[in-house]
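# Architecture and fold: a report
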Amino acid sequence: MDTNQPFVITISRELGSGGRTIGRKLAAQLNVRYSDKNLIKDLMEKFKLTTYEIERIKGKKKNWLADFLEAVAPVPNSGAFVGFDPIKGNDWNNSSVKADDIFEAESDILRGIADEGSCVLAGRSGFFVLKNHPNKVDIFIQAPLEKRIARVMKKQGLTEKEAQEVIASVDKSRENYLQRWAGVSRYDARNYDLVLNVGDMTDDEAVAIILKYLKFNTK
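The structure contained in this document is the topic of the report that follows. Predicted, not measured: the structure shown is a model, and the values here were computed from it.

### Observations regarding the overall build of the protein chain
Helices and strands together make up the secondary structure of the protein chain, namely nine helices and five strands. Ordered by position from the N terminus, the helices and strands of the protein chain form the series β-α-β-α-α-α-α-β-α-β-α-α-β-α. Among the 219 residues that make up the protein chain, the fraction classed as buried is 46%. A total of about 11700 Å² of accessible surface is found on the protein chain, and carbon and sulfur atoms cover 48% of it.

Put into structure tokens, the structure is as follows:
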């Protein structure tokens, strides 16, 4: 990856591995924008987006996505976390919208974010959607089940049994999603440049390892 040119880092992760926090901290260290499913969900809710709606908005206002990102997820100052206030839009609840529409809309948004400059993108099958991006690193964050359970219990206030059920459900859902749209398993290491098991490390230690990897593989 050439850090002198606009780059993209995709973070795929297991629920409870801390991948989202690691992604945020990595973006802060690199001083680039961080985006995850919450940003995309808010964007789609705000504008009630389907693929057709995205194209319609693009036709009306060339820099619609750039303006939106600058408002809710600006590039941070060095060392700062990337954050934004939730957008108070109407719920995106259009029964006529098909799963294909949602995937295409999300994919368009991901590609648009990548086109706006260097960024860290978490989730949403970024490694697949952006497979043709010329300057990209794909990372998968995983952790032992017991650590994932403990983290989900703490963050969501669940019992151990409830946390296990949530993890099993999300794992199945994410795998089915990727199998449907990409035709590959999210657990296939060949999808990624770096697979990191964070079982015996803190989030900050994981970020440090990724930064070393990026430095070693910088052109």
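### Some points on the packing of aromatic side chains
Inspection of the entire model under this criterion finds four aromatic pairs. Ring centres of Y177 and W181 lie 6.4 Å apart, and the angle between their planes is 65 degrees; this geometry places the pair in the edge-to-face category. With Y177 and W181 both in helix α8 (residues 160-182) and four residues apart, this pair spans about one turn of that helix. Residue W181 is classed as partly exposed on the basis of its relative accessible area, which comes to 21%. Aromatic ring contacts, followed pair by pair, group F127, F140, Y187 and Y192 into a single cluster.

Criteria and thresholds
Residues numbered from 1 in each chain as written. Predicted model: local features only at pLDDT ≥ 70, side-chain atom pairs only at ≥ 80, totals over all residues. Heavy atoms only, no water. Helix = DSSP H or I, 4+ residues; strand = E, 2+ residues; numbered from the N terminus. Buried < 20%, exposed > 50% of the residue type's maximum accessible area, 1.4 Å probe, protein only. Areas by Shrake-Rupley, 256 points an atom, 1.4 Å probe, with all protein chains shown as cover. Phe/Tyr/Trp six-rings, centres within 6.5 Å; stacked < 30°, edge-to-face > 60°.

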